[in-house]
Amino acid sequence: MSEPVWSRKAFFKQLLVLVIPIVFQNLVNAIVNTVDTFMLAGVGEAPLSASSLANQITFIVMLFHFGLLTGLSVLTAQYWGRKDRTTISRVEGMTLRYLSLVSIVIFLACQLIPGLLMRIFSSDAAVISLGSDYLRAVSFGYLAMSISQVLLGTMKSIEQTRTAAIISVSSILTNVALNAVSIFVLFPDDPRKALIGVAAATSIARIQELILSLVAVKRGKGIATNMAAVRKTEHWLVKDFWACTGFAQANYLIWGGATAAIAAIIGHMGSSLVAANSIAGTVRSLVFIGCSGFGVAGSILVGKELGQDHFDTARRMGREVFIFSLVFGAVSGLLLLLLIKPSLMIASLSEESASYLVRMMYVGAVYCIGASFNSALVSGIFCAGGDTKFGLICDTLCMWGIIVPIGLLAAFVWKWSPMAVYIWLYLDEFVKMPFVAWHYTKHKWLKNLTRTI
């Protein structure tokens, strides 16, 4: 295929069409998470800490989603460039099969051994008890999510980001409304029941998301699959899928395991640090939405061009993503600093937790720059061409070779101060940055993965 004439203006016009609904969806999600966190902070530090640590299990579920949906996104974006809806349907069915199996296993673990799961992250008996109740209720949402996220992932890859955003936002708003009812109307004087109500609200919202996704597919906004594709897929497509997904899934598990280890380290250093970190992390996610939306949209557009053999256009798009990822990161960091005082005013924290929160926000402001750059490149344009192996190598060496082992020693052997440990645990993005930049210049991510059937 002949290359289209490159136009930076046309690229950013396409990018905005995709970015705006993605960022809007992420913004609403982040705002809701922020509201939820502050509502739970008003209930008490124990429920806040319990939900924060219990949601590490949800985070693990999402890691499988991220890994498997990477393969889905890469292949569907490239086959969308060829307008091959049949192959996209097959990829969708295959992803549904794998993701449903994972969700069922984790759902059963949350129902049968929630206390054991909570002990990984905390030794506080009250936090473990509250977190166990939370896990039993929230895990029902995992089952619905295993289907809805595949359908929504396909919609995004075929440039139906507006529809996907509307579905997600409506479910998110349902979630926050039910949370408010649980905390302020039904159980204002019972922290345990309020926490269970928050978890149940999340599951209800996920079920709503599933129903709306199925309706959208029925109306032609997505691509329908069938049970034959769910049960079995052609060998060559399974091979291509795991060529994209295998390294990405391993990478997310390696990175996620390290993130969980970091949460466990912080969790064993006291509930004050956990409570402050919960709020700092939530606010950081709020300001980081532009960066994440930019990376996702860039990945879709680069993948679409690669599927049509437009390598020069894809390379130019990648260069724009490279530059603006740093700009978005710096802007996100500045916004985080502006939110320090409002966060302190809204959150009901002890003096010690408030002190931790201020310092964490300063660390987070710097962290945003490295996280934006690495996310846009490693999880964005590298993955668009199926280059997922580099991210696995980079995170394995950085997180498990440097950050986590030294963090463990610093916290429990060398007895560093809690904030010194915290700063060390969040240096990983800057360790990775020079290697990510070097890999970008090699342009090995410029690959067309599609096949002519």
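Within any chain, residue numbers begin from 1 and follow the written order of that chain's sequence. Since the coordinates come from a predicted model, pLDDT governs what is reported: local features require at least 70, and pairs of side-chain atoms require 80 or more to be given and counted, while whole-chain, interface and lining totals use all residues. Working from all heavy atoms in the structure, the side-chain values ignore hydrogens and water.

### Observations regarding the packing of aromatic side chains
Right, so step 1: Within 6.5 Å between ring centres, the rings of Phe, Tyr and Trp (the latter by its six-membered ring) count as paired, and their orientation is classed by plane angle as stacked under 30 degrees, edge-to-face over 60, tilted in between. What the rule picks out here adds up to 13 aromatic pairs.
Right, so step 2: Taking 5.2 Å as the distance between ring centres and 65° as the angle between the ring planes, the aromatic pair formed by phenylalanine 11 and phenylalanine 12 counts as edge-to-face.
Right, so step 3: Taking the relative accessible area as the measure of exposure, phenylalanine 11 reaches 1% and is therefore buried.
Right, so step 4: When a residue's accessible area, from a 1.4 Å probe over protein chains only, is under 20% of the maximum for its type it is buried; when over 50% it is exposed; and in between it is partly exposed. Here phenylalanine 12 falls in the partly exposed class, since its relative accessible area comes to 22%.
Right, so step 5: Taken together, a centroid distance of 4.7 Å and an interplanar angle of 35° make the contact between tyrosine 422 and tyrosine 426 tilted. The exposure classification of tyrosine 422 matches that of tyrosine 426, with both residues buried.
Right, so step 6: In this arrangement the basic side chain of arginine 97 is found over the ring face of tyrosine 98, its NZ or CZ atom lying 4.8 Å from the centre. Charge-over-ring placement is defined geometrically: NZ (Lys) or CZ (Arg) within 6 Å of the ring centre, and within 35 degrees of the ring normal.

### Points about the nonpolar core
Right, so step 1: Take the buried Ala, Val, Leu, Ile, Met, Phe, Trp, Tyr and Cys residues and link them wherever side-chain atoms come within 4.5 Å; each set so joined is a nonpolar core. Core analysis: the biggest nonpolar cluster contains 72 residues, and Ile57, Leu135, Tyr142, Ile266, Met360, Leu425 and Tyr426 have the highest contact counts within it.
Right, so step 2: When checking whether two residues touch, look at their non-hydrogen atoms; a contact exists if any pair is within 4.5 Å. Isoleucine 57 has contacts with Ile106, Cys110, Leu117, Phe121, Leu135 and Tyr142, leaving out every residue within four places of it along the chain.
Right, so step 3: Of all hydrophobic cores here, the second largest spans 30 residues; its members include Ile22, Val23, Phe390 and Met433.

### A short note on empty space enclosed by the protein
Right, so step 1: Space inside and on the surface of the protein is sampled on a 1 Å grid over the protein atoms alone, with a cavity defined as a set of points where a 1.4 Å probe fits but cannot get out and a pocket as an open set with protein on both sides within 12 Å along at least 5 of 7 lines; lining residues have an atom within 4 Å of a point. Grid points are joined across faces, edges and corners, and a volume is the space filled by probe spheres set on the points. Counting across every chain of the model gives 2 cavities of 30 Å³ or more.
Right, so step 2: One number sums up the size of the second largest cavity: a volume of about 70 Å³.
Right, so step 3: Secondary structure is summarised from DSSP: a helix means a run of H or I of at least four residues, a strand means a run of E of at least two, and numbering begins at the N terminus for each. Residue assignment for the lining of the second largest cavity shows that the elements contributing at least two residues are α10 (235–267), α15 (351–384) and α16 (389–412).
Right, so step 4: In this classification, the charged set is Asp, Glu, Lys and Arg, the nonpolar set is Ala, Val, Leu, Ile, Met, Phe, Trp, Tyr, Cys and Pro, and all remaining amino acids, among them Gly, are polar. Its residues assigned to classes, the lining of the second largest cavity comprises 6 nonpolar, 4 polar and 1 charged.

### Things to note about the pattern of salt bridges
Right, so step 1: By salt bridge we mean one thing: a side-chain nitrogen of Lys or Arg within 4 Å of a carboxyl oxygen of Asp or Glu. Scanning all chains against the criterion turns up 10 salt bridges.
Right, so step 2: Put simply, aspartate 395 and lysine 432 hold a salt bridge, and the shortest N to O gap is 2.7 Å. Pair noted here: aspartate 395 is in helix α16 and lysine 432 is in helix α18 (residues 428–442), with a separation of 37 residues, a long-range link. The same class applies to aspartate 395 as to lysine 432, namely buried.
Right, so step 3: In the salt-bridge network here, residues are joined through shared partners; they are Asp395, Asp428, Glu429 and Lys432.

### Brief notes about the layout of surface pockets
Right, so step 1: Considered as a void within the structure, the largest pocket measures approximately 220 Å³ in volume.
Right, so step 2: Phe390, Ile393, Cys394, Leu397, Cys398, Ile402, Val431, Lys432, Phe435 and His439 together form the lining of the largest pocket.
Right, so step 3: Those elements that place two or more of their residues in the lining of the largest pocket are α16 and α18.
Right, so step 4: For the lining of the largest pocket, the leading source of residues is α16, giving 6 residues.
Right, so step 5: Split into classes, the residues belonging to the lining of the largest pocket amount to 8 nonpolar, 1 polar and 1 charged.
Right, so step 6: By volume, the second largest pocket amounts to about 180 Å³.

### Things to note about unusual backbone geometry
Right, so step 1: Its identity as a non-glycine residue notwithstanding, aspartate 309 has a phi of 65°, on the positive side.
Right, so step 2: Along the chain, aspartate 309 turns up in the loop between α12 (289–307) and α13 (311–338).
Right, so step 3: Even without being glycine, lysine 415 reaches a positive phi, approximately 60°.
Right, so step 4: Mapped onto the elements, lysine 415 comes out in the loop between α16 and α17 (418–425).

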